[in-house]
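Letter by letter, the chains look like this.
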Amino acid sequence: MSETKDIRIITRPTKEQIRQAQIDFSPRCTAAGRVNDKETQKMVQYILNFARKHSLFLLAYGTGCGAIEIPATLTSRYDAERLGIRGAATPRQADVLMITGYLSTKTLKRVIRVYEQMQDPKYVVAFGSCTINGGMYFDSYNTIKALDRYIPVDVYIAGCMPRPEAVLKGFAKLQELIQNGNAGNGECYRKNLDWYRANQQKVIKNWDFPDEYNW
Amino acid sequence: MMTTRDIIDALTRTFDLNADVLRDNQIRLKLHKKQVAPVLLYLKNQLGFIHLDHVSCVDWLEENVFELVYIVYRPQDRLTVLVKTKIDRQHPEMENMETFWPHMRTYQRELREMFGIDFPGFEAPKEFILEGWDEMPPMRRDFDTRAYVQRTYTTRPGREDAWSVREYITRRTGEKLPDFVKKYSRD
Ligand code: SF4
């Protein structure tokens, strides 16, 4: 064994060997490679999670009254950017989808579309009691009552409306979940798509989404 | 400079109607449905009520009518006129007045969607705020919101008791509630 190792150090690697090594080091690799054992994976995941949790690009979907706390959270007084939280321009550039408040069925349709356009890993933070149990719109004919029936939610922030301190606490929780590898439900959404679709179609009457999972 | 007196004089000279003064600068007219369009046009073109403030609808379920309220405003003297009319609730139909003020369109679309009032000849898109709504227009008083919600949405368990906040506080503090408050209680 040791012989082969020595030879490898001395001789120049062939093109084939370099290619193989690159495949092995890529975290996507599933073939039995040297870096793909459990311990290394764990370390890679740790580093990835560490990086992810300190760079949360936020897509604030300001649906309800609670959206007014987002500027306060992001600007100089509470300065969420010191925790690595900042705004993103489009769904495809964002990591966190933030739903601030009640969602009418009309808005829900757009939110689902936005959520599906986001790249993995993606997280959802729901904000305010309206997203939890309908809040003060618990008997409104046009707002949904529990957001996690329609898209998976990582963190709920309770309050009507939650103050910026509570929002930051929610994000601290999200960071903790990311670090432990418990956040990010894109995979779960894809797996249970039928269940989510059935719930969504129950409230969205003029359903015109494509049938195929096409994003 | 015009006063409410002048306005009422000018109106009664031209139309057969009754007007009463609500406040210093507010006049209320209760008209027949057919009179509304000519009176509004007269107010706008002759008497300087150039601004349409608001159009709303009141659902008098017990009397089986909808009451439409058109509010117009004369900026020079800050005068307001409320033009009220009652229309049949079973076949609600009102004259299409989108040419009088451009934003009448928006009000009419809302009334059509939320109360189901028909405006013959009004060709704006059918959907306004709701999407794919196939029930009774939701702002009608006989639309059972609670039943619709229970039928359509799944709610998270834990809110069934729906305590009255006022009563919950009195239970804790031992305060005595006056009777008129109990009238609005949920139980
Ligand atoms: S939870 Fe309160 S503040 Fe937030 S959207 Fe609902 S009603 Fe508004």
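Predicted model only: the values in this text are computed from it and were never measured. (Residues numbered from 1 in each chain as written. Chains lettered and ligands numbered in written order. Predicted model: local features only at pLDDT ≥ 70, side-chain atom pairs only at ≥ 80, totals over all residues. Heavy atoms only, no water.)

Novice: Now, about the site of the ligand: what can you tell me, with residues and values included?
Specialist: If you check the shell around the ligand, you find C65, G66, G101, Y102, G128, S129, C130, M136, Y137, G159, C160 and M161 of chain A and nothing else. Here the shell around the ligand is composed, by residue class, of seven nonpolar, five polar and no charged. (Near = heavy atom within 4 Å. Nonpolar A, V, L, I, M, F, W, Y, C, P; charged D, E, K, R; others polar.)

Novice: Explain the sheet that holds strand 3 (residues 96-100) of chain A to me, and be specific about the residues and the numbers.
Specialist: All names here are of chain A. Strand order in the open sheet formed by five strands is 2-1-3-4-5, with parallel pairing between adjacent strands. Two strands bound the open sheet, and with one partner strand each, they are strand 2 (85-87) and strand 5 (155-157). Across the sheet, the mean angle from the axis of one strand to that of its neighbour is 30°, orientation sign disregarded. Sheet analysis places strand 4 (residues 123-127) next to strand 5, joined by three bridges and oriented parallel. Looking at strand 5, one finds that F127 is bridged to I157. Each of strand 1 (56-61), strand 3 and strand 4 is contacted by helix 5 (residues 105-117), which is oriented at about 160° to strand 1, the strand it contacts most. (Pairing = 2+ DSSP bridges. Helix = DSSP H or I, 4+ residues; strand = E, 2+ residues; numbered from the N terminus. Axes fitted to C-alpha atoms, helices over the stretch in contact; angles between N-to-C directions. Contact = heavy atoms within 4.5 Å.)

Novice: Let's hear about the confidence of the model for chain B: which residues, and what values?
Specialist: Averaged over chain B, the pLDDT score is 88; the fraction of residues at 70 or greater is 96%. The ipTM for the predicted assembly is 0.75, set against a pTM of 0.78. (pLDDT = per-residue confidence, 0-100.)

Novice: So what's going on with the interface of chain A and chain B? Which residues, and what values?
Specialist: The interface of chain A with chain B comprises 26 residues on the first partner and 23 residues on the second. Sorting the residues of chain A by area buried against chain B places K106, Y141 and K205 of chain A first, and these three jointly supply 35% of that buried surface. Where chain A touches chain B, the interface holds five salt bridges. Among the salt bridges present, the one from R110 of chain A reaches E131 of chain B, with a minimum N-O distance of 2.9 Å. For the side of chain A that touches chain B, the element with the most residues is helix 5 of chain A, which contributes four residues. Its residues assigned to classes, the side of chain A that touches chain B shows eight nonpolar, nine polar and nine charged. (Buried area = accessible area lost by both parts, 1.4 Å probe. Salt bridge = Lys/Arg side-chain N within 4 Å of Asp/Glu carboxyl O.)

Novice: Go over the environment of E135 of chain B with me, naming the residues and quoting the values.
Specialist: Residue and element names in this part refer to chain B. Structurally, the position occupied by E135 is in the loop between helix 3 (104-115) and helix 4 (145-152). C-alpha separation for the pair E135 and Y148, spaced 13 residues apart in sequence, amounts to 9.3 Å. Once residues within four sequence positions are removed from consideration, E135 is found in contact with F143, Y148 and R151. Within the structure, the side chain of E135 is placed 3.1 Å from the side chain of R151, a separation counted as a polar contact. (Polar contact = N/O pair within 3.5 Å; in protein donor to acceptor, adjacent residues only side chain to side chain.)

Novice: Can you tell me about the side chain of T4 of chain B, naming the residues and giving the values?
Specialist: Residues and elements named next belong to chain B. When you line up the elements, T4 lands in helix 1 (residues 4-14). Relative accessible area serves as the criterion here: at 14%, T4 is assigned to the buried category. Not counting the four nearest positions on each side in its chain, T4 is found in contact with V21, D24, N25, Q26, I27 and L79. (Buried < 20%, exposed > 50% of the residue type's maximum accessible area, 1.4 Å probe, protein only.)

Novice: Lay out the pattern of salt bridges in plain terms, naming residues and giving numbers.
Specialist: Counted under the stated rule, the structure contains 21 salt bridges over all chains. The salt bridge partner of R146 of chain B is D139 of chain A, with a shortest N-O separation of 3.7 Å. Here R146 of chain B is found in helix 4, whereas its partner D139 of chain A is found in the loop between helix 6 (129-133) and strand 5 on a different chain. On the accessibility criterion, D139 of chain A (27% relative accessible area) is partly exposed. The closest approach of N and O atoms between D59 of chain B and R89 of chain B, which form a salt bridge, is 2.7 Å. On the criterion of sequence distance, the pair formed by D59 of chain B in strand 3 (residues 51-60) and R89 of chain B in the loop between strand 5 (79-88) and helix 3 is long-range, its members being 30 residues apart. Both residues of the pair, D59 of chain B and R89 of chain B, belong to the buried class. Several salt bridges share partner residues, and in doing so they unite K109, R110 and D208 of chain A together with E131 of chain B into one network.

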